Amino acid sequence: MEPETSTEPSKKSLKKLQNKEKRKAVKAEKRAEFRTKPEPEHAASAPADVDYEKDPAKDNYGEVKGKSFSKDAIEVDLRSLDESYKDKTVIVRAWIQSTRGQSSGLIFVDLRKGGNWTIQGVVGTEMHEETPAKERPLISTSMIKWIRAIPPESFVVVEANVKLPAKELTGSRVTAVELGITKCFVIASAPARLGLDLETAGIMIQDFNEDPKVDKSKVDEAKVDEAKADEAKVDKATVDKSKTKGLIEKGTKPPASMLTHLENIAIHKRAPVQQAIADIRVEAKKLFRSYLEGHRFKEFEPPCLIGAASESGSEVFRLAYFGQDAFLAQSPQFYKQFEIAGGRERVFCIGPVFRAEKSNTPRHMTEFTGLDLEMEIQNSYTEVLDVLEGVLLHILRGLQERCAEEIETVRLVYESKPLLLPESGKVLRLTFAEAQKLLREGKPDQYSEVKDDEDMSTQQEKDLGALVREKFNTDFFVIDKFPETARPFYAKLDDDEDNVVGKRVRVTNAFDIFLRGQEILSGGQRINDPVELEKRIIAKELNPESPGIKEYVSVFRQGGVPPHGGGGIGLDRVVAWFLQLPSVQLAAYYPRTPKRLMP
């Protein structure tokens, strides 16, 4: 007789079946929740108590689709409206910044274009009494309710009669006229609840922490303690400044974190302060290019993709490239020199630079914009320094002159001291050893042990900047003759072999330029002789036959290369320190850090 077999499932099989059914139920529940989840309220949806279909004024508001404007209406940019448009009918496209109800029959609508170009609009059932009855625009209370319900930051188009205001306007950028709105259509609606509103987007950012698990956006109304400042990488001076300025006073909105700003990038960029910073950045690039073109420099375009991690393999981004490795260029340095070797006497470039450094500080990003130049040297490397000082001072003075309005907009949020600049030809130049001596004498408790053959820390640079401002009345200065230990292999050594620091460490014809105590440029003379270059590579304990370096040296053997030098300017730093911003991230369009690749 065969053994009896059970047809019932085993306990293990039964448990699997139960778990499978549970997962199905959860998925079904989520799908049902998604289907029944209410859509976000949009401006095109009429309030519950508005009977849109029966409203005789329905053709004058709602969604823009299928709606028309008056034949005599003219399209006008909000920013150009003035008294010359009095009594004309205009069409204006803008964002709704806010609406304010005066009564059931009258509301005010603030419209905005650009960063902070605002104009006051008025919608009322009794606004056009002076107009003959047959010609009066049809405005209903339902229309007023509907416009009042449009979420802020929706993009609309309005038809309006341009009027002189009954009294002086103080809350708008356009003060000479106001708009008597007769039609209002939504082109693109904002959600009923914004992740970041425009008012908060215009408050000073103090928290630059990028960990989404840590919510620091709700800052205490009374204070921002130093522990938070350290974690957010904000200088103590910035924190003290925020207390005295009263940006976190009782009754005002708390600031949002940088994380919140970047997760709501559209509203972040609409804030007047960010638009002003972006405009200043654009102007800085224009000034850089115009100055150099006026001094016989030619622009060129270096590659971002390179075939070898030539300068420092640990600091470059590696990526796959058709079966081989490629790297994002951490500097256009070699290519600037190739241009000089190729017969270009003076060159410059503007482009992205990539650094794979895990530096979560207010002055570092993994991608930034470099303003670079290289030039032949006739007699002395100081010819290069003269040009670099000239272009930077041209940029800084040009920004003060051309961007006074934008600078003031930024200062309303990020307070800054007046920038002290030297006269042309009178820039303070300290040797590295002189700078270290100034630190030792000015702050003996902190820096009595600093050495002339060791590079400076960030805090040393900031303290030096404060000492220089106090003693020499300038925020712009040069540190020259860096020790060879603090410069790359291609930096030219000082020809005077007796010019040494520390334990017989020779100095280089290399320098940095500082603004408000922070470095904005590194530069100097490069080695142009292949034999000397190879010796320096070996002295730096590098292999002259390694990929990238071998090809670099070979260029100097292809033909005689004249003496040359140059420098690299960090555009983001120039803008940030010029405006005295708490972080270089605020000067970037889309900051890239070790923790951020989006947006």
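From a predicted model like this one, the values you see are computed outputs, not experimental measurements. (Residues numbered from 1 in each chain as written. Predicted model: local features only at pLDDT ≥ 70, side-chain atom pairs only at ≥ 80, totals over all residues. Heavy atoms only, no water.)

S.K.: Please explain the overall build of the chain as it appears in this structure.
M.R.: Looking only at helices and strands, the chain features 17 helices and 20 strands. Residues counted as buried form 48% of the 599 residues belonging to the chain. A sequence separation of at least 24 residues applies to 70% of the contacts in the chain between residues at least 6 apart. Accessible area for the chain stands at about 31,400 Å²; split by element, carbon and sulfur atoms hold 49% of it. (Helix = DSSP H or I, 4+ residues; strand = E, 2+ residues; numbered from the N terminus. Buried < 20%, exposed > 50% of the residue type's maximum accessible area, 1.4 Å probe, protein only. Contact = heavy atoms within 4.5 Å. Areas by Shrake-Rupley, 256 points an atom, 1.4 Å probe, with all protein chains shown as cover.)

S.K.: Please explain the environment of E408 as it appears in this structure.
M.R.: Secondary-structure assignment places E408 in helix α11 (residues 404-411). Sequence separation between E408 and A276 is 132 residues, and the spatial gap between their C-alpha atoms is 9.0 Å.

S.K.: I'm lost on the layout of surface pockets in this one. Help?
M.R.: Sizing a probe to match a water molecule and rolling it over the atoms shows the empty space that remains. As a volume, the largest pocket reaches approximately 1,200 Å³. Sorting the residues of the lining of the largest pocket by element identifies α9 (333-341), β13 (367-376), β18 (510-515), β19 (518-526), β20 (564-570) and α17 (571-579) as the ones contributing at least two each. With 8 residues, the top contributor of residues to the lining of the largest pocket is β19. (1 Å grid on protein atoms, 1.4 Å probe; cavity = no way out; pocket = protein on both sides within 12 Å on 5 of 7 lines; lining within 4 Å. Points joined across faces, edges and corners; volume = space filled by probe spheres on them.)

S.K.: Please explain the packing of helix α8 (residues 272-293) against helix α10 (residues 382-402) as it appears in this structure.
M.R.: When two helices pack together, their arrangement is given by the angle between the helix axes and by the axis-to-axis distance. At a minimum axis distance of 9 Å, the contact between α8 and α10 shows a crossing angle of 135°. Here α8 lies oblique to α10, going by the angle between them. Viewed along their axes, α8 and α10 form a crossing whose handedness is right-handed. Of α10, the residues touching α8 (which contributes I280, E283, A284, L287, F288, S290, Y291 and L292) are V387, G390, V391, H394, I395, G398, L399 and R402. A per-class count over the contact of α8 with α10 returns 10 nonpolar, 4 polar and 2 charged. (Axes fitted to C-alpha atoms, helices over the stretch in contact; angles between N-to-C directions. Parallel < 35°, antiparallel > 145°, perpendicular 65-115°, else oblique. Left-handed = near helix turned anticlockwise from the far one by under 90°. Nonpolar A, V, L, I, M, F, W, Y, C, P; charged D, E, K, R; others polar.)

S.K.: What is the right way to read the environment of V158 from this model?
M.R.: Tracing the backbone shows V158 in strand β6 (residues 155-163). On the basis of relative accessibility, which here comes to 1%, the residue V158 falls in the buried class. C-alpha separation for the pair V158 and L111, spaced 47 residues apart in sequence, amounts to 9.7 Å. In this structure, V158 is in contact with V90, I91, V92, L111, I181, K183 and C184, ignoring residues within four places of it in sequence.

S.K.: Would you mind showing me how to read the sheet that holds β20 here?
M.R.: Sheet strands line up and pair through hydrogen bonds in the backbone, either parallel or antiparallel. The strand order across the open sheet built from 8 strands is β8-β12-β13-β20-β19-β18-β15-β14, with neighbouring strands paired in mixed fashion. In the strand order of this sheet, the two ends are held by β8 (298-299) and β14 (428-431), each with one partner. Bridge count for strand β12 (residues 346-354) against β13 is 9 bridges, and the pairing is antiparallel. Each bridged residue has a counterpart across the sheet, and for C349 the counterpart in β13 is D372. α10 contacts β13, β14, β15 (476-480), β18, β19 and β20 of the sheet and is inclined by roughly 15° relative to β18. Helix α12 (residues 432-442) contacts β14 and β15 of the sheet and is inclined by roughly 90° relative to β14. (Pairing = 2+ DSSP bridges.)

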